Amino acid sequence: MTTEATIEQATIDWLSDLGYTHQLGTTLPQNHTKEVVLKDQLLQFIQQQYPDIPKEIQKLAVAEFTNNVGADVAHRNRTFHLKLTKGLEFAYEDASGKEKAVHIYPIDFTNPENNNFWAVNQFSITGKNKRRPDIIIYINGLPLIVFELKNWYDQNTNIKEAHNQIQHYIKDIPLLFEYNAITIISDGNEAQHGMFSSGMEWFAAWKSINGTDTVQEDDFQMHTLLFGLFPKDRILNYIKNFIFHEDHNGTLIKKGAKYHQFFGVNFAVAAAKKSVRPLGDGRIGVIWHTQGSGKSISMAIYTGILRSLPELKNPTIVVQVDRSDLDRQLYENFVLAKDLVGDVQHADTTNDLRNLLSAGAGGVIFTTIEKFRLKQTTDNALGELEHPILSERENIIVMADEAHRTQYGLLDGFASNLRKALPNASFIGFTGTPIDSKDADTQEVFGNVIHTYDIKQAVADNATVNIFYEPRLAKLHLWNENIDAEVDAITEDIEDNSNLKWAAVEDAAGSKDRVDKIAKDILNHYTNRTNTLAGKAMVVCMSRRNCVKMYNALTALENCPEVAVVMTGNISKDPVKWNPHIRTKEATESIKARFKKEDDPLKIVIVRDMWLTGFDAPCVHTMYIDKIMKGHNLMQAITRTNRVLKDKKNGVIVDYIGIGDNLKSATGKYTGNGGKGKPTIDIQQALELFMNQVEICKAFIPATVDYTDWKRLRDADKVLLVKKAVNHIIKYDEDANNYMKAEKTLSSLLSIVKSQPEIQEYTAAVLFAQHVSKAIRNAKSIPGNRGEQKEKIKELISQSIDSENIVDVFAMAGIEKPDISILDETFLLGAKQEKDGHALKIELIKNILKDEIKLRLHKNIKKYTSLKEELEKVIDKYHTNALDSYATIVEMIERAKDLQNDDKRIKELGLSEEELAFYDILAAKQDIIKEEGIIQNIVHAVVKAVKDNLQFDWTKKENAKAAIRLAVKKELRKKVSLSKLNEILEEIMQQAEGQFSEWTA
């Protein structure tokens, strides 16, 4: 039988395989003392590494490294960690009296084999109480890693108990944890690493041995952890570069990287060494780590390592984001990680940025990409035509957050200006969203995908919590599949009618009756959810107007918690009644800080776009969506609910507008091919098509229109030039239409080739073509009809709206658990593609019923096999149109009731859940039972006979099965007709095998 001791021995054996020396703690002189550092080992290492310095300095170094200052164990741990990783400087006089200085490290991080690695067990430490951790890893006499192990086969213990024991150790022997870098806890089956001060939810398995293989799912976790993290070079790398302390106003939070961050960053460091100019072409690559999985920590760790690489000669790291809110969030995370990255500078203006980049080497600079703007003409000076070069240094690395957003405009614009400002810089992209089909040139701009960590793996690793999708279809669910075509018919003379459609949908969504119903449903749902799990919620509406309507409807309800609308404002245009919701930047930041605090009374915020990206509030566990969203915008929004926090098991997305199909499509990208694979477009071929398309557009322009100096022209001259071209083309409708189509094709090709340097000479031609095309579109539109068309579309949409009340699809089916994971394969595959609401309901009910039956199948094999067959018949009938949608839902509700009836029967019969199936077997044979009295007594005895004789892997052992048969036979021999005994025995054995096949102990 495996015991705690054998797990301990296996761990020691594997550490020995990795070159660690096993030492029995009882043989060490410090055993049973208050000492935790093996000072003789530390002194021996310093003497070996720094033999030429005076002995008193060697001894002083030992004293300094073992004397940690701080108010509590957390602060002393930080003090030591900084000394450990950054070393200490000592001044002394040599024999001739000359002043010298030496920088001493207690570990040789560069040459692992120069250090002593000991795995020490049975080492007792005396503190408030005497304690003996299972294994301590000593490196050069410093106790840097603690293992706490539990017995694999003891069903009364688990990994949480190992974590709990560590918390007791911190109280009883705090001195040990002044030096602790990593803590390992295990119950044999599970093995997790974390920081000693972290809650259980922050401990995690190490699921890869080399970072490139498929994640190890069915491994022995301790083995993968040791061989993935504990090779000597890796563990030293981790201790030096992947652990840091954040200071939150005096409260320290210690953090360490997870396996995906460790491997992703290390691969990115290797890529930088090959790609940074002049060694490479400056394209380092792309890291795709899904939102909520610690991307900002990875960026900070990466920055710290790059700054320490001698070959980069004190590089400047430019962290570039798209928007100021993302800039502020990431900047704050970097400031918290200053132990790794050092001081961080923030460019508040374009002039700030230029001054910082023109200065000498080194440092970290934060900026938004729009600060790479050209200076405009003023009364005293002409504006800039080209962005000036700010630095030609080759050790500048631009780290773009959300890589595939604003980095492709190399023809013109901010991205182009950035490249001109820093012509020899190198680029790496970090993204939390997969590369979109429209962003196929991400790899052309940044290089290859270096490392991928998708949403499915993040959930599996508990790096993020699962997100469940709950459809509560409200009044706006459109049943009219042809609505787009009908709107197009109304607006056939308008090139872009999307704004009209959106405005009409917004009006329909904001109808008072609908908003009131949703508000009541939200409050009821939120109240029920927070009865079992404290947390906060976000409501997403499709317009600012609808946000205000939702606020008014919610706050008018009894028992509504505090609610806030978070939106931008325009006081020259917005109604005065919106004024309470329009805040200064400082007031908005104050609201944000309140919303992030778990115990603050502000519980619900209503937003349109704000806070849907770059906003982390782990206490948010529910999002109510009443806005049509797609692709990465939708995925970024819903992942606001996926942050890990204490007992939070999941986030829930409640859909009132029917985004299920969009969610299915977007989720598929997040769990697809992991960003791997090759671009499907031949760039050279696309370049040829692009150049050819430029010539096609040029053919429409008269020779008298010279736009070759386009970028140097004043705006006034540009307008006249465009007007001249438009007047020539617009004379004939066919020419105008053909030109607009030609320009559209040109712009589409541009999206494919815009990262190619060859297109620079076509800048003027493309920009001019785009301006002319826009001008022709405007000239051909008829403004007078827009109001009338808007009313027609509103009327059409109103007629296309299903006027049902809000429908809780699962409650309708009588199913208690209204959750379906967005990562569930049945949800992703979506067996049917119908868009109408009833088909969606049927599909969802079918999926959840199948899951319910699958979960219960082993409990009552006979019954649920037949129920499964019945359900499949109902679905088959529906797909062959033998049943209409309402009849199908009714039939499926009946099937669902069968599942719920079992729960009632268990209570009524006085049985346990596992006894019910055996009761059904015996009840069906009541005529052959001879014993008087209730059948439940026989059931209790039979199940006890089965369970008393179970053993590990019993279904594979004939003698084990025979023992169970014999025990059951003894129970039934005098109670059941002898001729029927074998028949009933076989059914009982079949049920036992299904129900108890995975029994362990």
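As a convention, each chain's residues are numbered from 1 in the sequence order in which they are written. Under the rules for a predicted model, residues below a pLDDT of 70 receive no local features and side-chain atom pairs below 80 are neither given nor counted, while totals for whole chains, interfaces and linings still include all residues. Derived side-chain values reflect all non-hydrogen atoms in the structure, with water molecules and hydrogen atoms excluded from consideration.

## A few points about the overall build of the protein
Link 1 in the chain: Note on conventions: DSSP H or I runs of at least 4 residues are helices, E runs of at least 2 residues are strands, and numbering of each starts at the N terminus. Scanning the protein from terminus to terminus reveals 37 helices and 27 strands.
Link 2 in the chain: Each residue gets one of three labels from its accessible area relative to the maximum for its type: buried under 20%, exposed over 50%, partly exposed in between, using a 1.4 Å probe on protein chains only. Relative to its 1001 residues, the protein shows a buried fraction of 52%.
Link 3 in the chain: Taking the contacts inside the protein whose residues are at least 6 apart along the sequence as the reference set, 73% of them involve residues at least 24 apart.
Link 4 in the chain: Note on areas: Shrake-Rupley, 1.4 Å probe, and residue coverage restricted to the protein chains presented here. Accessible area for the protein stands at about 45600 Å²; split by element, carbon and sulfur atoms hold 49% of it. We call two residues in contact whenever any of their non-hydrogen atoms come within 4.5 Å of each other.

## Looking at the pairing of strand β3 (residues 99-104)
Link 1 in the chain: Pairing geometry for strand β2 (residues 88-93) and β3, over six bridges, is antiparallel. What sits directly across from Tyr92, in β3, is Lys100. A pair of strands is considered paired only if DSSP assigns at least 2 bridges between the two.

## Regarding the confidence of the model for the protein
Link 1 in the chain: pLDDT runs from 0 to 100 and stands for how confident the predictor is about each residue. Mean pLDDT for the protein: 79, with 74% of residues reaching 70 or above.
Link 2 in the chain: pLDDT under 50 marks residues 475-481. Its contacts with residues more than four places away, or in other chains, come to 33 contacts.
Link 3 in the chain: Scored below 50 in pLDDT, residues 493-497 shows 11 contacts in the model against residues more than four places distant or in partner chains.

## Structural notes on the sheet that holds strand β14 (residues 316-321)
Link 1 in the chain: Taken in spatial order, the seven strands line up as β15-β16-β14-β17-β18-β13-β19 in an open sheet, and their pairing is parallel. On the outer flanks of this sheet lie β15 (344-346) and β19 (449-453), each paired with one strand and no other. Ignoring which end each strand starts from, the neighbouring axes of this sheet average 20 degrees apart.
Link 2 in the chain: Bridge analysis of β14 against strand β17 (residues 396-401) gives five bridges, and the strand direction is parallel. Opposite Gln320, over in β17, you have Ala400 as the bridge partner. Lines fitted to C-alpha atoms define the axes, with helix axes restricted to the stretch in contact, and inter-axis angles between N-to-C directions lie between 0 and 180 degrees.

## Observations regarding the packing of helix α35 (residues 935-948) against helix α36 (residues 958-972)
Link 1 in the chain: As a packed pair, α35 and α36 sit with axes 8 Å apart at the nearest point and diverge in direction by 160 degrees. Viewed along their axes, α35 and α36 adopt a mutual orientation that is roughly antiparallel. Every pair of crossing elements has a handedness; the one defined by α35 and α36 is right-handed. Residue-level contacts link Ile938, Ala941, Val942, Ala945 and Val946 of α35 to Ile964, Ala967, Val968, Glu971 and Leu972 of α36.
Link 2 in the chain: Each residue belonging to the contact of α35 with α36 can be placed in one class, and the counts come to nine nonpolar, no polar and one charged. Should an angle lie under 35 degrees it is considered roughly parallel, over 145 roughly antiparallel, and from 65 to 115 roughly perpendicular; all remaining angles are considered oblique. Left-handed is the label given to a crossing in which the near helix is rotated counterclockwise from the far helix by less than a right angle, and right-handed is the label when the rotation is clockwise. Three classes are used: nonpolar for Ala, Val, Leu, Ile, Met, Phe, Trp, Tyr, Cys and Pro, charged for Asp, Glu, Lys and Arg, and polar for all others, with Gly counted as polar.

## Looking at the pairing of strand β10 (residues 191-194)
Link 1 in the chain: The alternating pattern of β10 places Ala191 and His193 on one face and Gln192 and Gly194 on the opposite face, and all of these are buried.
Link 2 in the chain: Direction of pairing for strand β9 (residues 182-186) relative to β10: antiparallel, over a ladder of four bridges. For Ile184, the partnering residue across the bridge sits in β10 and is His193.
Link 3 in the chain: The turn linking β9 back onto β10 is made up of four residues, and Gly188 within it adopts a positive phi angle of 90 degrees.

## Description of the pattern of salt bridges
Link 1 in the chain: By definition, a salt bridge exists where a carboxyl oxygen of Asp or Glu is found within 4 Å of a side-chain nitrogen of Lys or Arg. Counted under the stated rule, the structure contains 27 salt bridges.
Link 2 in the chain: For Asp600, the salt bridge goes to Arg594, with nearest N and O atoms at 2.8 Å.
Link 3 in the chain: On the basis of relative accessible area, Arg594 is assigned to the partly exposed category, the value being 23%.
Link 4 in the chain: A salt bridge links Lys944 to Asp948, with the nearest nitrogen and oxygen atoms 2.9 Å apart. Of this pair, Lys944 and Asp948 both sit in helix α35, four residues apart, which is roughly one turn of that helix.
Link 5 in the chain: Look at Lys944 and you get exposed, because its relative accessible area is 53%.
Link 6 in the chain: You can call Asp948 exposed: its relative accessible area is 52%.

## Points about helix α10 (residues 295-308)
Link 1 in the chain: Across its 14 residues, α10 extends 20 Å between first and last C-alpha, which sits within 8% of the 20 Å expected from 1.5 Å per residue.
Link 2 in the chain: Within α10, 12 of the 14 residues are buried, which leaves it mostly tucked inside the rest of the structure.
Link 3 in the chain: All of the buried residues in α10 are Lys295, Ser296, Ile297, Ser298, Met299, Ala300, Ile301, Tyr302, Thr303, Gly304, Ile305 and Leu306. The span one expects for a helix is its residue count, reduced by one, times 1.5 Å.

## What about the state of the cysteines?
Link 1 in the chain: We call a pair of cysteine sulfur atoms a disulfide whenever their separation is within 2.5 Å. Applying the stated rule across the entire model yields zero disulfides.
Link 2 in the chain: Left unpaired, Cys547 is separated from the closest cysteine sulfur, that of Cys541, by 4.5 Å.
Link 3 in the chain: Accessibility expressed as a relative area gives 0% for Cys547, which makes it buried.

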